[in-house]
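# A closer look at the structure
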Amino acid sequence: MIQEYLVASSIADALTLKRNNAKSVWFAGGTEINRMGGTVDAKVGISLKGLGLDQIVDEGPAIRIGAMVTLQELIDSPLVPLWLKEGARYCASYTRRHMATIGGTLALMSDHSFLAPALIASRCTLVTANVTEGGAYSEDEVPVREYYTYHKQHATTLVLAILLPKDKRYVGSRRYALSAQNRSAAAVAFSAMMGEALVISHVRVIAAIHGSGVQRLTTVENAIEAGELTSREDVQLAVSQALEAVDDFVGGKEYKRYIAAEGIGQLFGEFLKGGAR
C-alpha cells in the first residue's frame, strides 16, 4: 500500500523524487497501483498533478495530448481522433475513465491494455523527460515503437505527452473479453496507409494477449507490405500462426489466437474498404 505521498513541484522534481525513493511510482490516476492481481507494487506515490500535463492542444501537424489527460477527456475532446476515443471507451467504468490517464495506461504496457495496441499502431511520438544522477534535466521525442521495444530501459523515463500525427493513416482496434468489466483475452490494433496504385505501406499489427504481453507482429506487417497477404483470410491465418499465447483463467491459447486473428482480419478488411479514422 502507499505509505508516503509526495507532491512534485516540477517535472524535474518528479524525476528526482523517483530516482531518490526506492519502491516509488509516479501517481497519475492511480487505478493500477497496488491493485489486486496487478503488477504495480509501491509504497511511495509521486503526484504528477499541477505540472501542466493535462492539456490537449492542436499543434498544426500533430495533436499533443498531455500524459495526465484522462480517458474520459479523450472521449470528450473534439481534437481526439475517433480510433483513440473508441479505445478509451473500452474502459467500461465511468469512474475509472475519469481517473485513468493516457500516459499511465501506455507506460504500464499491460497485456490487457485499453490503449497500448492502438497507440503503438498509430506510429505516434512520445515527448519524454529524464534527469541524470548529477541532476541534469533533458527532454526528448521518442517514436512509440522505440518506447515499446525498449520498455524496460524506459522505466525511469517520464512520458510528458503523446504527439498524434495528422496523416491519412487508418487506425483501428478491437477488444475481446467475457464482459466489458472483465480483463480482455485479446486487444488488437491494425494500422496502415494506402498510397498510389493501391500500394499498402507503414503497416502495424499489434496484439495484447493476456498472459503473453503486448506483441508486434513484424513478420505479418512485412508480408502485407510485400503483397504476400492480400485478403482478410490470408492475414487471419498469418496472425494466428505468429501470435504467442498461453492457457490461463481468461481463456485458452487457441481461443486467444483465434479471436485476435479474427479481430485483425476484420480491421484489415475495413482498411481495404477505405475505412479512415
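About the thresholds
Throughout, a residue's number is its position along its own chain's written sequence, starting from 1. Residues qualify for local features only when their pLDDT is at least 70, as the model is predicted, and side-chain atom pairs are given and counted only at 80 or more; totals for whole chains, interfaces and linings, by contrast, use all residues. With hydrogens and water stripped out, all remaining heavy atoms of the structure feed into the side-chain values. Only runs of H or I of at least four residues qualify as helices and only runs of E of at least two qualify as strands under DSSP, and these elements are numbered from the N terminus. All radius of gyration figures rest on C-alpha atoms, and the globule criterion is 2.2 Å times the number of residues raised to 0.38. For the exposure calls, accessible area comes from a 1.4 Å probe over protein chains only, and a residue counts as buried if that area is under 20% of its type's maximum, exposed if over 50%, partly exposed in between. A contact between two residues is defined here by any heavy atoms of the two lying within 4.5 Å. Counting rule for charge: Lys and Arg are taken as positive, Asp and Glu as negative, and neither His nor the chain ends is counted. By convention, the point assigned to a charge is CZ for Arg, NZ for Lys, CD for Glu and CG for Asp. DSSP-based pairing: two strands are paired if at least 2 bridges between them are found. Note on definitions: angles span 0 to 180 degrees between N-to-C directions of axes, and those axes are lines fitted to C-alpha atoms, for helices only across the stretch in contact. By convention the crossing between two helices is left-handed if the near helix lies anticlockwise of the far one by an angle smaller than a right angle, and right-handed if it lies clockwise. As a working rule, the residues Ala, Val, Leu, Ile, Met, Phe, Trp, Tyr, Cys and Pro are called nonpolar, Asp, Glu, Lys and Arg charged, and the rest polar, with Gly in that last group. Two cysteine sulfur atoms form a disulfide, by the criterion used here, when they sit within 2.5 Å. Any angle that is under 35 degrees is reported as roughly parallel, and any over 145 degrees as roughly antiparallel; angles of 65 to 115 degrees are reported as roughly perpendicular and all others as oblique. Put simply, a patch holds well-exposed residues, over 30% relative accessible area, that have no salt bridge, with like charges counted together within 9 Å and Val, Leu, Ile, Met, Phe, Trp or Tyr side chains within 5 Å. Note on areas: these come from Shrake-Rupley sampling with a 1.4 Å probe, and a residue is covered only by the protein chains present in the view. A side-chain nitrogen of Lys or Arg and a carboxyl oxygen of Asp or Glu constitute a salt bridge if their distance falls within 4 Å.

### What to know about the overall build of the chain
- The secondary structure content of the chain amounts to 10 helices and 12 strands.
- Here the C-alpha atoms of the chain give a radius of gyration of 19 Å, agreeing with the 19 Å that 2.2 N^0.38 yields for 277 residues.
- With the C-alpha coordinates of the chain rotated into their principal frame, the extents come out at 55 × 45 × 35 Å.
- Within the chain, buried positions represent 51% of all 277 residues.
- Counting contacts in the chain only where the partners sit at least 6 residues apart, residues at least 24 apart contribute 59% of the total.
- Averaging the positions of the 28 positive and the 29 negative side-chain charges in the chain gives two centres separated by 4 Å.

### Some words on the sheet that holds strand E9 (residues 170-176)
- With antiparallel pairing, four strands are arranged side by side in an open sheet as E9-E10-E11-E12. The open sheet is flanked by E9 and strand E12 (213-216), the only strands paired with a single partner. Averaged over all neighbouring strand pairs, the angle between strand axes comes to 10 degrees, with direction disregarded.
- In the packing of helix H10 (residues 253-272) onto the sheet, contacts are made with E9, strand E10 (186-194) and strand E11 (200-209), and the angle to E10 comes to roughly 25 degrees.

### Concerning the packing of helix H9 (residues 232-242) against H10
- Relative orientation of the contacting elements H9 and H10 amounts to 145 degrees, with a least axis distance of 8 Å. For the crossing formed where H9 meets H10, the hand is right-handed. Every residue of H10 that contacts H9 at Arg232, Val235, Gln236, Val239 and Ser240 is listed here: Arg257, Ala260, Ala261, Glu262, Ile264, Gly265, Gln266 and Phe268.
- A class-by-class count of the residues in the contact of H9 with H10 yields six nonpolar, four polar and three charged.

### What to know about the state of the cysteines
- All told, the structure shown has zero disulfides when counted by the stated rule.
- Cys91 carries a free sulfur, and the closest cysteine sulfur to it, the one in Cys124, is 19 Å from it.
- For Cys91, a relative accessible area of 1% corresponds to the buried category.

### Side note on the packing of helix H8 (residues 218-225) against H9
- H9 packs onto H8 with a crossing angle of 155 degrees between their chain directions and a minimal axis gap of 9 Å. The orientation of H8 relative to H9 falls into the category roughly antiparallel. Between H8 and H9 the crossing geometry is right-handed. Every residue of H9 that contacts H8 at Thr219, Val220 and Ile224 is listed here: Val235, Ala238, Val239 and Ala242.
- Taken together, the residues of the contact of H8 with H9 break down into six nonpolar, one polar and no charged.

### Topic: the pairing of E9
- Judged by how many residues are buried, E9 sits mostly within the fold: six of seven residues are covered.
- Here E9 runs beside E10; their pairing, made up of seven bridges, is antiparallel. Within E10, the residue paired with Val171 across the bridge is Ser191.

### Here we look at a negative patch on the surface
- Together, Glu59, Asp140, Glu141 and Glu146 make up a region of like negative charge exposed at the surface.
- Mapped onto the elements, Asp140 comes out in strand E7 (residues 137-143).

### Observations concerning the sheet that holds strand E3 (residues 44-47)
- Taken in spatial order, the three strands make up an open sheet running E1-E3-E2, and their pairing is parallel. Of all the strands in the sheet, the pair left with one neighbour each is strand E1 (4-7) and strand E2 (24-27). The sheet shows a mean angle of 25 degrees between the axes of neighbouring strands, taken without regard to direction.
- Where E1 meets E3, four bridges bridge the pair, whose relative direction is parallel. Counterpart to Glu4 in the pairing with E3 is Val44.

Treat this as a map of the structure, not an account of what it does.
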